[in-house]
Amino acid sequence: MIGFILKRFFQSFIVMFLVAMLAFTMFNFLGDPVNQMVGIDTSAADREALRDRLGLNDPLYAQFARFIGNALQFEFGQSYQHKRAVSGLILDRLPATLELSLISAIFTLAVGVPMGVHTGLHRNSLVSKIFMTVSLVGVSLPTFLIGILLIFIFSVQLQWLPSFGRGEVVDLGFWSTGLLTATGWKAIIMPAVTLGLFQMTLIMRLVRSEMLEVLRSDYIKFARARGLPSRAINFGHALKNTLVPVITIAGLQLGSLIAFAIITETVFQWPGMGLMFLQAIQVVDIPIMAAYLMLIAFFFVMINLIVDMLYYVVDPRLRVDSTN
Amino acid sequence: MSITTTARALDLLQRAVNSDIYHSFRSSKMVMVAAVVSAVMIIGATFSPILAPHNTLDLASISLIDSLTPPVWMEDGDSRFLLGTDDQGRDMLSAIMHGARVSLFVGFASVLFAMVLGVSLGLISGYAGGFLDSFIMRAAEIQLSFPAILIALLIDGIFRGALDAKTHDELAVYVMILAIGLSFWVQYARTVRSSTLVEKGKEYVEAARVTGLPPFLIVFRHILPNVTGPLLVIATINLALAIITEATLSFLGVGVPPTEPSLGTLIRIGNDFLFSGEWWITIFPGVALAVLVLAVNLLGDWLRDALNPKLR
């Protein structure tokens, strides 16, 4: 067990190191940070002095070590575009993205699992066929197109929901939330659905195929032979056993939700990290790009690590293998 | 043409008609519709310079007087513009055909690039083994844990920083192909590696090695033809994904420039007009994209099932 965890930790560490190296390379070779910080009329001597002060004349390994040191303290320098500390900018935007991802994940599970159970239990019913068709369309439609269609229907035609922004936001000091106001809830509906639709179809198809598999197994037949009510069999026995892979996939998809938020945030002008990252790419604001890259990589590595460990806890077969 | 070649051609045709693939193709109406739709769209896009009713890329032929004309069946519609025009007076149908051409070109090219890269790395990884193998596979594993769109975005961002704006615009289509290709190679590499591991132990490879053939020739001339089976299916499914990725990047404004609009760029441009009532500028390119991707996806699903003997 300890060996397994150590190995996974080591692997995560390597990934983070590689990503840091990539981010650092971007910093150093794409554009000159000094040029970005000073005006045209700054003299060459002043530029040199600034280079010295920023440590850009140090050997590369020393600069890299300092970059890592700063990153560990969540310090990524100044944004070229906003002229503010990148860490502050990210902390401002983080709540919006995390709230969107969380609501979207809840929507995904709350709708995807029941749909999967239904299509698994009643394979040939009309509702199942509709669900399966919808899921195929959901896989084929690009996220941004779904967003545009929702805006077209609910904002332009029906005028029920706002098409951009977070609505009114309550500032809790360390966290700004839109979930305490009615306009905030109204504003989050369409972005959350847009973001979650693809994942929802994925969860639905997964639950369906797992249910089909489990329902064929012997212990379900035995439970039926014992005369248990079908509700107890379907939900108490079958569904419970399908949930292990579902939890794993849902966990892994949480990372994708945060990454795909870039698209949803752009369509709905949602003031989150993804929108900021995209704007940073367009004006080549390297500090923000580097910081976002590191942060997303960190999220992904942590989620992967936790899911791997959960697997280990949930599936006893893995434990037996490692002791042999 | 001699009689034998005609007979051989007929024989081939006979075999094609009798094959399982053809049979399973004929037995599903959905797949046949998908195939027809894909074919029509691919032909319409490829030959758009000839087939399109207007040349939207030629600035002299468009006129601002025609701008924002609604589709032909609405009031104020103009019979010259079946699906209406955009704010510049460009015919939407022609713009969609030209756009689909760019989208399909990027899609096919990036799938081809990903396939060449992935198959080569997979062959090398499987045949060489050892350090090289674990290095390539670890890289694949790491890349697989990040979504493809994020990787494509990042690669595009790096190029944007490394090139100046004008050069980047000129090279945008190729940057896009590179970015999407690099984010899709993993699946090919893993599939080919595992089949290479199987083929490596077989006698014909052993025999080639004994005759003193260099490893490069063994891998590419002897092993490669035997590991290509599943590639077609992966490529079809990836084509749909590549088209979606390109459209998404172009929609986000980091894809191909507006001077050479793809479907994604058209949707991005039209998005500004959604609120002022000119819905057709966004919705038609959007529908075209959705239909294209859906048709390719359906074909991919069918191909996967039809070529998988376990499901028969």
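Some points on the overall build of chain B
- Looking only at helices and strands, chain B has 13 helices and zero strands in total.
- Counting from the amino terminus, chain B carries its helices and strands in the arrangement α-α-α-α-α-α-α-α-α-α-α-α-α.
- If one aligns the C-alpha atoms of chain B with their principal axes, the spans along those axes are about 75 × 55 × 40 Å.
- Looking at the 312 residues of chain B, the share that counts as buried comes to 46%.

Some remarks on the interface of chain A and chain B
- Facing the 40 residues of chain A at the interface are 38 residues of chain B.
- Taken over both partners, the interface formed by chain A and chain B buries close to 3200 Å², and the fraction arising from carbon and sulfur atoms is 84%.
- By the criterion of area lost to chain B, the three top residues of chain A are S140(A), F144(A) and I148(A), representing 17% of everything that side buries.
- Linking chain A with chain B are zero salt bridges, by the criterion used here.
- Counting every contact that joins chain A to chain B gives zero residue pairs in polar contact (both at pLDDT 80 or more).
- Put simply, the parts of the chain that give the side of chain A that touches chain B at least two residues each are α1 (2–29), α6 (126–140), α7 (143–157), α10 (230–267), α11 (273–282) and α12 (286–314) of chain A.
- Of all the elements, α7(A) adds the most residues to the side of chain A that touches chain B, at eight residues.
- In terms of residue class, the side of chain A that touches chain B is built from 32 nonpolar, eight polar and no charged.

Here we look at the layout of surface pockets
- Estimated volume of the second largest pocket: approximately 810 Å³.
- Lining of the second largest pocket is provided by 24 residues; of these, L18(A), R138(B), A139(B), I142(B) and Q143(B) occupy positions nearest its centre.
- Mapped onto the lining of the second largest pocket, the elements with two or more residues apiece are α1 and α12 of chain A together with α6 (130–144), α7 (148–162) and α8 (165–200) of chain B.
- With eight residues, the single largest contributor to the lining of the second largest pocket is α6(B).
- Residues belonging to the lining of the second largest pocket are distributed by class as follows: 21 nonpolar, two polar and one charged.

A look at the side chain of T196(B)
- Tracing the sequence through the fold places T196(B) in helix α8.
- There is a polar contact of 2.6 Å between the side chain of T196(B) and the backbone oxygen of V192(B).

Some details on a nonpolar patch on the surface
- On the surface, a cluster of nonpolar side chains totalling about 580 Å² of accessible area is made up of F10(A), F13(A), I14(A), F17(A), L18(A) and M21(A).
- Within the secondary structure, F10(A) sits in helix α1.

A short note on the packing of helix α5 (residues 86–121) of chain A against α6(A)
Residues and elements named next belong to chain A.
- Direction vectors running N to C along α5 and α6 enclose 130°, while the axes themselves pass 9 Å from each other. On the basis of their axis angle, the class for α5 and α6 is oblique. The two elements α5 and α6 meet at a crossing, and its hand is left-handed. Listed contacts from α6 to M115, H118 and T119 of α5 are V127, S128 and F131.
- In the contact of α5 with α6, the residues fall into three nonpolar, three polar and no charged.

Some details on the packing of aromatic side chains
- All chains considered together, the criterion is met by seven aromatic pairs over all chains.
- Note on F17(A) and F64(A): the rings are 5.6 Å apart at their centroids and 75° apart in plane angle, and the pair reads as edge-to-face. With F17(A) in helix α1 and F64(A) in helix α4 (residues 60–72), the pair connects residues that are 47 residues apart, well separated along the chain.
- Given a relative accessible area of 36%, F17(A) falls into the partly exposed group.
- Exposure remark for F64(A): the relative accessible area of 13% places this residue in the buried category.
- Both rings, one in F216(B) and one in F220(B), keep their centres 5.0 Å apart while their planes meet at 40°; by these two values the pair is tilted.

Some thoughts on unusual backbone geometry
Residue and element names in this part refer to chain A.
- Of note, the phi angle at Q159 is positive, near 55°, even though the residue is not glycine.
- Mapped onto the secondary structure, Q159 falls in the loop between α7 and β1 (170–171).
- Among the residues examined, Q159 registers a relative accessible area of 62% and is labelled exposed.
- Of note in this structure, Q269 is not a glycine but carries a positive phi near 50°.
- Overall, the relative accessible area of 42% leaves Q269 in the partly exposed class.

Some thoughts on the environment of L212(A)
Residue and element names in this part refer to chain A.
- As for its placement among the helices and strands, L212 is situated in helix α8 (residues 182–215).
- For L212, a relative accessible area of 17% corresponds to the buried category.
- As for L212 and V117, which are separated by 95 residues in sequence, their C-alpha atoms are 9.3 Å apart.
- Here L212 is in contact with G120 and R123, once residues within four sequence places are set aside.

Describing the packing of α7(A) against α10(A)
All names here are of chain A.
- Running from N to C, α7 and α10 cross one another at 30°; their axes reach a closest spacing of 9 Å. With respect to α10, the element α7 is oriented roughly parallel. In the crossing of α7 with α10, the sense of the turn from one axis to the other is right-handed. Listed contacts from α10 to T143, F144, G147, I148 and I151 of α7 are F260, I263, T264 and V267.

Some words on the confidence of the model for chain B
- The predicted model of chain B averages 82 in pLDDT, with 91% of residues at 70 or higher.
- Here helix α2 (residues 20–26) of chain B stands out as the element of chain B with the lowest mean pLDDT, 72, in contrast to helix α5 (residues 92–128) of chain B, whose mean of 90 is the highest.

Observations concerning the nonpolar core
- If you look at the biggest cluster of nonpolar residues, it comprises 119 residues, and the most contacted ones within it are F144(A), I262(A), M294(A), L153(B), L249(B) and L289(B).
- In this structure, this core is formed jointly by two domains, domain 1 (2–72) and domain 2 (88–323) of chain A, each of which donates at least three residues.
- Not counting residues within four places of it along the chain, the set of residues in contact with L249(B) comprises I149(B), A152(B), L153(B), M176(B), I180(B), V254(B) and G255(B).
- Of all hydrophobic cores here, the second largest spans 14 residues; its members include V113(A), M211(A), I220(A) and A238(A).

Section: the pattern of salt bridges
All names here are of chain B.
- One pass over the structure, following the stated rule, counts four salt bridges over all chains.
- In this structure, D133 engages R193 in a salt bridge whose closest nitrogen and oxygen atoms are separated by 2.7 Å. Of this pair, D133 sits in helix α6 while R193 sits in helix α8; the two residues are 60 residues apart in sequence, bridging distant segments of the chain.
- Among the ionic pairs, K202 bridges to E199, the shortest N-O distance being 3.3 Å.
- Residue classification places K202 among the partly exposed positions, given a relative accessible area of 37%.
- When its relative accessible area of 9% is taken as the criterion, E199 is described as buried.

Analysis parameters
- Once a new chain begins, its residue numbering starts again from 1 and follows that chain's sequence as written.
- Written order determines the labels here, with chains lettered from A and ligands numbered from 1.
- Confidence filtering applies because this is a predicted model: local features only for residues at pLDDT of at least 70, side-chain atom pairs given and counted only at 80 or more, and all residues used for totals across whole chains, interfaces and linings.
- Processing note: side-chain calculations cover all non-hydrogen atoms of the structure and skip hydrogens and water entirely.
- The helix count covers DSSP runs of H or I at least four residues long, the strand count covers runs of E at least two residues long, and both are numbered beginning at the N terminus.
- Only protein chains enter the calculation, and the probe is 1.4 Å; a residue is then buried if its accessible area is under 20% of its type maximum, exposed if over 50%, and partly exposed in between.
- For this analysis, residues touch if any pair of their heavy atoms sits within 4.5 Å.
- What gets called buried area is simply the loss in accessible area from a 1.4 Å probe that two parts show on being joined, summed for both.
- Criterion for a salt bridge: a side-chain nitrogen of Lys or Arg within 4 Å of a carboxyl oxygen of Asp or Glu.
- N or O atoms closer than or at 3.5 Å make up a polar contact, with two conditions inside protein: a donor-capable atom paired with an acceptor-capable one, and, for residues adjacent in sequence, both atoms drawn from side chains.
- Under the convention adopted here, Pro, Cys and the residues Ala, Val, Leu, Ile, Met, Phe, Trp and Tyr are nonpolar, Asp, Glu, Lys and Arg are charged, and Gly plus all remaining residues are polar.
- Any residue with an atom within 4 Å of a point lines the site, the site being either a cavity, points on a 1 Å grid over the protein atoms alone where a 1.4 Å probe fits but cannot get out, or a pocket, an open set with protein on both sides within 12 Å along at least 5 of 7 lines.
- Grid points are joined across faces, edges and corners, and a volume is the space filled by probe spheres set on the points.
- Within this analysis, patches are made of residues with over 30% relative accessible area and no salt bridge. Like charges are joined at 9 Å or less; nonpolar side chains (Val, Leu, Ile, Met, Phe, Trp, Tyr) at 5 Å or less.
- Note on areas: these come from Shrake-Rupley sampling with a 1.4 Å probe, and a residue is covered only by the protein chains present in the view.
- All axes here are fitted lines through C-alpha atoms, helices being fitted over the stretch that makes contact, and every angle between N-to-C directions spans 0 to 180 degrees.
- These descriptions rest on fixed angle ranges, namely under 35 degrees for roughly parallel, over 145 for roughly antiparallel, 65 to 115 for roughly perpendicular, and the rest for oblique.
- Each crossing gets its hand from how the near helix is turned against the far one by less than a right angle, where anticlockwise is left-handed and clockwise is right-handed.
- Only rings of Phe, Tyr and Trp enter the pairing, Trp through its six-membered ring, and a pair is recorded when the two centres are within 6.5 Å. The plane angle decides the type: under 30 degrees is stacked, over 60 is edge-to-face, the rest tilted.
- Confidence per residue, as judged by the predictor, is encoded in pLDDT with a range of 0 to 100.
- Among the buried residues, those of types Ala, Val, Leu, Ile, Met, Phe, Trp, Tyr and Cys that are joined through side-chain atoms within 4.5 Å form a nonpolar core.
- Annotation comment: domain bounds sourced from an automatic or database domain assignment.

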